[in-house]
Amino acid sequence: MSKILAITNQKGGVGKTTTSVNLAASLGAAKQRVLLIDLDPQGNATMGSGINKADLEVTIYHVLMGEKTIVEARVQSGTCKYDVLPANRELAGAEIELVDVEGREMRLKEELLPILHEYDYILVDCPPALNLLTLNGLCAAKSVMIPMQCEYYALEGLSDLVNTIRKVRENLNPELEIEGLLRTMFDPRNALAQQVSDQLQQHFGDKVYRTVIPRNVRLAEAPSFGIPALYHDSQSKGTLAYLALAGEMLNNATAQVTTS
Ligand code: ATP
Ligand code: MG
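Residues numbered from 1 in each chain as written. Chains lettered and ligands numbered in written order. Predicted model: local features only at pLDDT ≥ 70, side-chain atom pairs only at ≥ 80, totals over all residues. Heavy atoms only, no water.

> Explanation requested: the site of ligand 1 in the structure shown.
Around ligand 1 sit 17 residues in total, of which K16, T17, T18, P214 and N216 are the nearest. Within the side chain of T17, an N or O atom sits 2.8 Å from an oxygen atom of ligand 1. N216 places a main-chain nitrogen or oxygen 2.8 Å from a nitrogen atom of ligand 1. For ligand 1, whose free accessible area comes to 630 Å², the fraction covered by protein is 80%. Elements that contribute at least two residues to the shell around ligand 1 include exactly α1 (16–29), β8 (208–214) and α10 (217–221). Tallying contributions element by element places α1 first for the shell around ligand 1, with three residues. (Near = heavy atom within 4 Å. Polar contact = N/O pair within 3.5 Å; in protein donor to acceptor, adjacent residues only side chain to side chain. Areas by Shrake-Rupley, 256 points an atom, 1.4 Å probe, with all protein chains shown as cover. Helix = DSSP H or I, 4+ residues; strand = E, 2+ residues; numbered from the N terminus.)

Written out as structure tokens, the structure is:
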């Protein structure tokens, strides 16, 4: 059965999309069958996977509106070794158009049902907001990965997000759990970053991934080539960090199977 992971943080620019794209590529390289869902009208995960969002006739928008299926909308990202359910700015309209639809939070979950068996991992790149699109991601997911920068205000935003996840669990998706917190753009020479990182570990214990994603220029430039960093510079620190994260997730999954 596939593992559905919402990659979310309502704070903008914390590395959600960079994580979604590079984790999808790393899991794909580890022979996992991966679907990356772009749930953000900015379409950054789409572009970062080498798909031109301006050329698309069918996107996740049409899937959420019930006009097309995921099978009709997904794109195989051949070089990147994963599939993408792409998005472009049209998706912003779904927020408004879905308001009167019954079960509007469950649209993505429903549409995923027929294709779940085709994937080992389904990663959902959420927009920087706690809106109806993100809610669709949280209702479809089994768990949440929270990328965050270790800076002062990050902890404040985190408690809002944890509360939202709790509310979703109570009202809409009882299965939902926090899979892990991922420290992104980390600079170990920065004393504050180190301090915030220590606080995170005190509060969240083993919910904090051991893997830390460093600030790395290759991760920032890869999207301009429309490829994950793995295919831009396979030995860069950023590439290796996301490969390590995929390894950590796969190990955790194996440990869960053997202990349950
Ligand atoms: P948004 O909230 O707008 O969706 P996001 O949370 O998806 O943003 P990204 O788009 O992944 O964040 O990253 C924000 C910016 O930081 C981008 O320019 C990206 O290339 C850069 N970036 C992300 N992670 C790293 C990193 N580890 N090292 C260097 N640059 C990074
Ligand atoms: Mg993003």
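> Help me out: how do you make sense of the pattern of salt bridges in this one?
Should their charged atoms come close, side chains of opposite charge can pair. Inspection of every chain in the model, using the stated rule, returns nine salt bridges. For the salt bridge of D187 with R189, the shortest nitrogen-to-oxygen distance reads 3.2 Å. Judged by relative accessible area, D187 falls into the partly exposed class, the value being 24%. Among the salt bridges present, the one from R218 reaches D233, with a minimum N-O distance of 2.8 Å. Taken together, the positions of R218 in helix α10 and D233 in the loop between α10 and α11 (237–259) put the pair 15 residues apart, joining distant regions of the chain. A cluster of three or more residues bridged by salt bridges with shared partners is formed by R107, E110 and E111. (Salt bridge = Lys/Arg side-chain N within 4 Å of Asp/Glu carboxyl O. Buried < 20%, exposed > 50% of the residue type's maximum accessible area, 1.4 Å probe, protein only.)

Read these as geometric descriptors, not functional statements.
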